[in-house]
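Working through the structure, step by step
The primary structure of each chain is shown beneath.
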Amino acid sequence: MEILQTNSAMLSNYEVMSLLADQKAQRIANEVAGTREVAENRRVQKYLAASPCSTQSGEQIRELKKEFKDFELMKVELLQILNLRPKSAVELLLVIEEFEERFALEDCDKMLNIIAKALPRDDDEEMEEEGEEEEVAAENA
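Residues numbered from 1 in each chain as written. Predicted model: local features only at pLDDT ≥ 70, side-chain atom pairs only at ≥ 80, totals over all residues. Heavy atoms only, no water.

**Focus: helix α4 (residues 75–84)**
Within α4 the residues assigned to the buried category are E77, L78, L79, I81, L82 and N83. R85, located one to two residues past α4, shows a positive phi value of around 45 degrees. (Buried < 20%, exposed > 50% of the residue type's maximum accessible area, 1.4 Å probe, protein only. Helix = DSSP H or I, 4+ residues; strand = E, 2+ residues; numbered from the N terminus.)

Shown next, in the form of structure tokens:
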């Protein structure tokens with residue numbers, strides 16, 4: 001892989017994962033294997049497959065960007081939201097610079113709701129089930 005132009009664009013983890021998957025298909029077609037680049041790409045793909053981007057789609061990303069237009073976030077903040085999918089106020093406040101000065105606290109809840117709606121996570125259902133099980137256990141105790 002050769003860098004042609006530095007800082008030409010910021011890519012989300014989903015975009016990087018898609019690019020590497022395309023390159024993998026091309027390498028298989030060209031029967032290129034055993035290079036250092038292939039090993040590095042495999043490591044990156046393995047990392048990204050375990051990250052939240054593995055369940056994202058291009059449509060979800062477009063929807064999230066559309067919903068966040070009114071908040072006037074910096075590109076890097078939106079990119080971090082895409083990559084990290086914050087689920088709590090603390091996680092969101094760490095991603096958005098000077099949140100308290102730029103936004104009202106109600107905006108935090110609005111943003112978290114947008115994220116949950118536009119970028120559903122596989123572990124959301126698991127966490128809801130665990131929470132329900134804890135509530136039932138507390139009631140029975």
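More follows now that the structure is in view.
**Some thoughts on the layout of surface pockets**
Each pocket or cavity is described by its volume, and for the second largest pocket that value is around 210 Å³. As for the second largest pocket, its lining consists of M10, L11, S12, E15, I61, K65, K75, L78, L79 and L82. Of all the secondary-structure elements, those providing two or more residues to the lining of the second largest pocket are α3 (58–68) and α4. Looking at which element gives the most residues to the lining of the second largest pocket, the answer is α4, with 4 residues. Looking at side-chain class alone, the lining of the second largest pocket contains 6 nonpolar, 1 polar and 3 charged residues. (1 Å grid on protein atoms, 1.4 Å probe; cavity = no way out; pocket = protein on both sides within 12 Å on 5 of 7 lines; lining within 4 Å. Points joined across faces, edges and corners; volume = space filled by probe spheres on them. Nonpolar A, V, L, I, M, F, W, Y, C, P; charged D, E, K, R; others polar.)

**As for a nonpolar patch on the surface**
On the surface, M10, M74 and V76 cluster together to form a nonpolar patch covering roughly 260 Å² of accessible area. Examined against the element boundaries, V76 turns out to sit in helix α4. The class for V76 is partly exposed, based on a relative accessible area of 41%. (Patch = residues over 30% accessible without salt bridge, like charges linked within 9 Å, V, L, I, M, F, W, Y side chains within 5 Å. Areas by Shrake-Rupley, 256 points an atom, 1.4 Å probe, with all protein chains shown as cover. Salt bridge = Lys/Arg side-chain N within 4 Å of Asp/Glu carboxyl O.)

**Topic: a negative patch on the surface**
A contiguous patch of negative charge on the surface is contributed by E97, E98, E100 and E101. By the secondary structure assignment, E101 is in helix α6 (residues 99–102). E101 sits in the exposed class, given a relative accessible area of 65%. (Lys, Arg positive; Asp, Glu negative; His and termini not counted. Charge placed at Lys NZ, Arg CZ, Asp CG, Glu CD.)

**Digging into the packing of aromatic side chains**
The tally for this structure, following the rule as stated, stands at 3 aromatic pairs. Summarising the aromatic geometry, the rings of F68 and F71 are spaced 5.6 Å apart at their centres and angled 50 degrees between planes, so their arrangement reads as tilted. One exposure class covers both F68 and F71, and it is buried. When the centroid spacing of 6.1 Å and the interplanar angle of 65 degrees are considered together, the rings of F71 and F103 count as edge-to-face. (Phe/Tyr/Trp six-rings, centres within 6.5 Å; stacked < 30°, edge-to-face > 60°.)

**Re the pattern of salt bridges**
Here the structure, examined in full by the defined rule, presents 5 salt bridges. One salt bridge in this structure joins E77 and R102, with 2.7 Å as the shortest N-O distance. A residue pair is termed long-range when its members are at least 10 positions apart, and E77 in helix α4 and R102 in helix α6 qualify at 25 residues. Judged by its relative accessible area of 32%, R102 is partly exposed.

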